[in-house]
Amino acid sequence: MEKMIIEISKSAKDFMDKHPLSEEEKQLQLALLYYPYIMNKTISIGEVSKFMNIGRLDLMRLYEKAEVPMYYYDKADMNEINDLLELIKR
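Residues numbered from 1 in each chain as written. Predicted model: local features only at pLDDT ≥ 70, side-chain atom pairs only at ≥ 80, totals over all residues. Heavy atoms only, no water.

Peer 1: Help me understand the pattern of salt bridges, please; the structure alone is not making it clear to me.
Peer 2: Any two side chains of opposite charge can pair, so long as their charged atoms come close to each other. In total, this model carries six salt bridges according to the counting rule given. The partner of Lys10 in a salt bridge is Asp14, with the nearest N and O atoms 3.1 Å apart. Within this pair, Lys10 and its partner Asp14 are both found in helix α1 (residues 10-18), separated by four residues, close to a single helical turn. Measuring nitrogen to oxygen at the nearest pair gives 3.9 Å for the salt bridge that ties Lys89 to Glu86. Within this pair, Lys89 and its partner Glu86 are both found in helix α5 (residues 75-89), separated by three residues, close to a single helical turn. (Salt bridge = Lys/Arg side-chain N within 4 Å of Asp/Glu carboxyl O. Helix = DSSP H or I, 4+ residues; strand = E, 2+ residues; numbered from the N terminus.)

Peer 1: What should I look at first to understand a nonpolar patch on the surface in this one?
Peer 2: On the surface, Met4, Ile6, Ile8, Phe15 and Met16 cluster together into a nonpolar patch covering about 560 Å² of accessible area. Within the element layout of this structure, Ile6 appears in the segment before α1. The exposure class of Ile6 is exposed, given its relative accessible area of 57%. (Patch = residues over 30% accessible without salt bridge, like charges linked within 9 Å, V, L, I, M, F, W, Y side chains within 5 Å. Areas by Shrake-Rupley, 256 points an atom, 1.4 Å probe, with all protein chains shown as cover. Buried < 20%, exposed > 50% of the residue type's maximum accessible area, 1.4 Å probe, protein only.)

Peer 1: Can you help me understand the nonpolar core in this one?
Peer 2: Within soluble globular proteins, side chains that are nonpolar generally end up buried alongside one another. Ile38, Ile45, Met52, Leu59 and Tyr63 are the most contacted members of the largest nonpolar core, which totals 15 residues. Those elements that place two or more of their residues in this core are α2 (23-39), α3 (45-52) and α4 (56-65). Aside from chain neighbours lying at most four places away, what touches Ile38 is Ile43, Ser44, Ile45, Val48, Tyr63 and Met70. (Core = buried A, V, L, I, M, F, W, Y, C linked by side-chain atoms within 4.5 Å. Contact = heavy atoms within 4.5 Å.)

Peer 1: I'm lost on the packing of aromatic side chains in this one. Help?
Peer 2: Two numbers describe a pair of aromatic rings. These are the distance of the centres and the angle of the planes. For the structure on display, the rule yields two aromatic pairs. Ring centres of Tyr35 and Tyr63 lie 5.5 Å apart, and the angle between their planes is 55°; on these two criteria the pair is classed as tilted. You can see Tyr35 sitting in helix α2 and its partner Tyr63 sitting in helix α4, a full 28 residues away along the chain. The exposure classification of Tyr35 matches that of Tyr63, with both residues buried. (Phe/Tyr/Trp six-rings, centres within 6.5 Å; stacked < 30°, edge-to-face > 60°.)

Peer 1: Explain the side chain of Ser49 here, please?
Peer 2: Positionally, Ser49 belongs in helix α3. When residues no more than four places from it in sequence are discounted, the contact partners of Ser49 are Ile54, Gly55, Arg56 and Leu59.

Peer 1: Which parts of the structure should I look at to understand the confidence of the model for the chain?
Peer 2: Should the pLDDT be low somewhere, the predicted coordinates at that spot are not to be read in detail. For the chain, per-residue confidence averages 84 on the pLDDT scale, and 89% of positions sit at 70 or higher. The least confident element of the chain is α5, whose mean pLDDT is 72; the most confident is α3, at 91. (pLDDT = per-residue confidence, 0-100.)

Peer 1: Is there a simple way to think about α3 in this case?
Peer 2: Residues spaced three or four apart along an α-helix point in a common direction, a consequence of the helix completing one turn every 3.6 residues. When we look at burial in α3, the residues that qualify are Ile45, Gly46, Val48, Ser49 and Met52. Angular distribution of buried residues about the axis of α3 spans 160°; they occupy a single face of the element. Where α3 is buried, its residues meet α2 and α4. (Arc of directions from axis to C-beta.)

Pasting the structure below:
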């Protein structure tokens, strides 16, 4: 396992010491760090859940609880969706 080292200021550390996160908040914080990479398809949600050592559905529930959208549609996807809607209307 690789480690990530982040340097923070003393005042930030003092604040974090005075306001510790719950385990769920720690998981959400880590999940949010990975979120942009999931959305740009650099990494999958399954891979992130393995890194975090939690189930894929548990990770999805974290995102859902934080009201973070898990899916987006690019222009090509929207064209396919609109085509499908047109077929349904007929």
